[in-house]
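Topology and contacts: notes
The residues making up each chain are set out below.
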Amino acid sequence: MNNVTLGKVLKAMYKLSGKTLTQLSDETSLTVDNINNLLYARIQKPGLAGVNALVNAMGFRIQDLMAFLEAYPEIPEDSDTTELFTNYIHAADTANAPAAPAKEPVRAAKGSFAAEIGLLNDEHEKQLDRFRAANQRHMEQIREQYEGQLKQLQDQNKQMEQHFDKSVAVLRETHAQEIGHLEKEGSRHRKTITFLTIAISMETAVILLMIIVDMINRNIGWFR
């Protein structure tokens, strides 16, 4: 497989797909850098699984790519790969695929095409299985993590409720003690005020009595 020709064809598919590199990366297991490396033929031996995933994401079939590469193992520099590939696909759809230019040799598949497709499908299925298993483990880890965090939050909430109840009970007890102390102080003050009131009243009565006695004594002396 000529990686330069492959890159040209993949680039043509990329233009025809109308998708961005980010979209293709999201739909495949390939990074944007990996996709660029395939489009610009920077990988000497590209993996079939990655190529298959990219071709499917761009809306084409790996069979179309392989058949085109068999018909056109090399593409002249002055040829428009996008137009050449589009015409080939249209012709293939009508069961009349064009032959390669006379100056370009056509390589016989010799049975390797079917075997390569079979290996590609097997590898793709293995990758899907590994992805599903990894995704399942990841989901289980996330679920366990959030279940642990939820339990921790519930325990913290329960501890806060218990602390709040204790604090309220202490405040109530302290408040009750303060009220009892204030009531005792008020009772003592009331008794003191009552005693002082009685004492003042008695002192006032004694003074009045002394004044009366003095006046009586003075009146008796005047009559004498």
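The text that follows walks through the structure, step by step, so that each part is easy to find. Note that the coordinates shown come from a computational prediction; the quantities given were computed from them, not determined experimentally.

Looking now at the overall build of the chain. Along its length, the chain carries 7 helices and 0 strands. Counted from the first residue to the last, the chain has its helices and strands arranged as α-α-α-α-α-α-α. Counting the 224 residues in the chain, one finds 21% classified as buried. Carbon together with sulfur atoms contributes 57% to the accessible area of the chain, which is approximately 16,500 Å² in total.

For the structure shown, the criterion picks out 5 aromatic pairs. Centre to centre, the rings of Phe 60 and Phe 85 are 5.5 Å apart; their planes meet at 70°, and the pair counts as edge-to-face. On the criterion of sequence distance, the pair formed by Phe 60 in the loop between helix H4 (48–57) and helix H5 (62–71) and Phe 85 in helix H6 (residues 81–93) is long-range, its members being 25 residues apart. With respect to class, Phe 60 is no different from Phe 85; both count as buried. Among the aromatic residues, those joined into a ring-pair cluster are Phe 60, Phe 68, Tyr 72, Phe 85 and Tyr 88.

Right, let's get into the pattern of salt bridges. All told, the structure shown has 6 salt bridges when counted by the stated rule. Two residues, Lys 19 and Glu 27, come together in a salt bridge whose shortest N-O distance is 2.8 Å. Judged by its relative accessible area of 26%, Lys 19 is partly exposed. Classification of Glu 27 as partly exposed rests on a relative accessible area of 45%. With a shortest N-O distance of 2.1 Å, Arg 188 and Glu 185 are connected by a salt bridge. Of this pair, Arg 188 and Glu 185 both sit in helix H7 (residues 112–223), separated by 3 residues, roughly a single helical turn. Owing to a relative accessible area of 42%, Arg 188 belongs among the partly exposed residues under this scheme. Exposure remark for Glu 185: the relative accessible area of 23% places this residue in the partly exposed category.

Turning our attention to the side chain of Asn 3. For Asn 3, the position within the fold is in helix H1 (residues 3–17). With relative accessibility at 13%, the residue Asn 3 sits in the buried group.

All right, on to helix H3 (residues 32–39) then. Among the residues making up H3, those that are buried are Ile 35, Leu 38 and Leu 39. Burial along H3 is one-sided: seen end-on, the buried residues are contained in an arc of 100°. Remark: Ala 41 follows H3 within two positions and exhibits a positive phi of approximately 55°.

Before going further, it helps to spend a moment on the packing of H5 against H6. Packing of H5 against H6 brings their axes to within 11 Å, and their N-to-C directions diverge by 110°. By the angle between their directions, the pair H5 and H6 is classed as roughly perpendicular. Where H5 crosses over H6, the two elements pack in a sense that is right-handed. From H5, Asp 64, Ala 67, Phe 68 and Ala 71 reach across to H6, where they touch Leu 84, Phe 85, Tyr 88 and Ile 89. For the contact of H5 with H6, the per-class residue count stands at 7 nonpolar, no polar and 1 charged.

We now examine the packing of H1 against H5. Following both chains from N to C, one finds H1 and H5 inclined at 135°, their axes separated by 11 Å at the closest point. The angle between the axes of H1 and H5 places the two elements in the oblique class. Between H1 and H5 lies a crossing whose hand is right-handed. Taking contact as the criterion, the partners of Thr 5, Leu 6, Val 9, Leu 10 and Met 13 in H1 are, on H5, Leu 65, Phe 68 and Leu 69. Here the contact of H1 with H5 is built from residues that sort into 7 nonpolar, 1 polar and no charged.

Inside soluble globular proteins, nonpolar side chains tend to come together where they are buried. One finds Val 9, Leu 10, Met 13, Leu 54, Val 55 and Leu 65 to be the most contacted residues of the largest nonpolar core, which totals 27 residues. Ranked by residue count, the leading element in this core is H5, at 6 residues. Non-local contacts of Leu 10, meaning those with residues more than four positions away in its chain, are made with Leu 38, Leu 39, Leu 54, Val 55, Met 58 and Leu 65.

About the cut-offs
Residue positions are given per chain, counted from 1 along the sequence in the order it is written. Per-residue local features are limited, in this predicted model, to residues with pLDDT of at least 70; the limit for side-chain atom pairs, both in listing and counting, is 80 or more; totals at the level of whole chains, interfaces and linings are taken over all residues. For side-chain calculations, the full set of non-hydrogen atoms in the structure is used, while hydrogens and water are omitted. Helix and strand assignments come from DSSP, with helices taken as H or I runs of at least 4 residues and strands as E runs of at least 2, each series counted from the N terminus. For every residue, the accessible area obtained with a 1.4 Å probe (protein chains only) is divided by the maximum for its type, and the residue is called buried under 20%, exposed over 50%, and partly exposed between those limits. In this description, accessible areas are obtained by the Shrake-Rupley approach with a 1.4 Å probe, and a residue is regarded as covered only by the protein chains that are shown. Working definition: a ring pair exists when centres of Phe, Tyr or Trp rings (six-membered ring for Trp) sit within 6.5 Å. Plane angles under 30 degrees give stacked, over 60 give edge-to-face, the rest tilted. Put simply, a salt bridge is a Lys or Arg side-chain nitrogen that is within 4 Å of an Asp or Glu carboxyl oxygen. What the arc measures is the spread of directions leading from the helix axis to the C-beta atoms. Axis definition: a line fitted to C-alpha atoms, limited for helices to the stretch in contact. Angles are taken between N-to-C directions and run from 0 to 180 degrees. Orientation labels follow simple angle bins: below 35 degrees gives roughly parallel, above 145 gives roughly antiparallel, 65 to 115 gives roughly perpendicular, and whatever is left gives oblique. By convention, the crossing between two helices is left-handed when the near helix turns anticlockwise from the far helix through less than a right angle, and right-handed when the turn is clockwise. The criterion used for residue contact is that any of the two residues' heavy atoms lie within 4.5 Å. Residue polarity is assigned by list, with Asp, Glu, Lys and Arg as charged and Ala, Val, Leu, Ile, Met, Phe, Trp, Tyr, Cys and Pro as nonpolar; anything else, Gly included, falls into the polar class. As used here, the term nonpolar core means buried Ala, Val, Leu, Ile, Met, Phe, Trp, Tyr and Cys residues forming a set that is joined through side-chain atoms within 4.5 Å.

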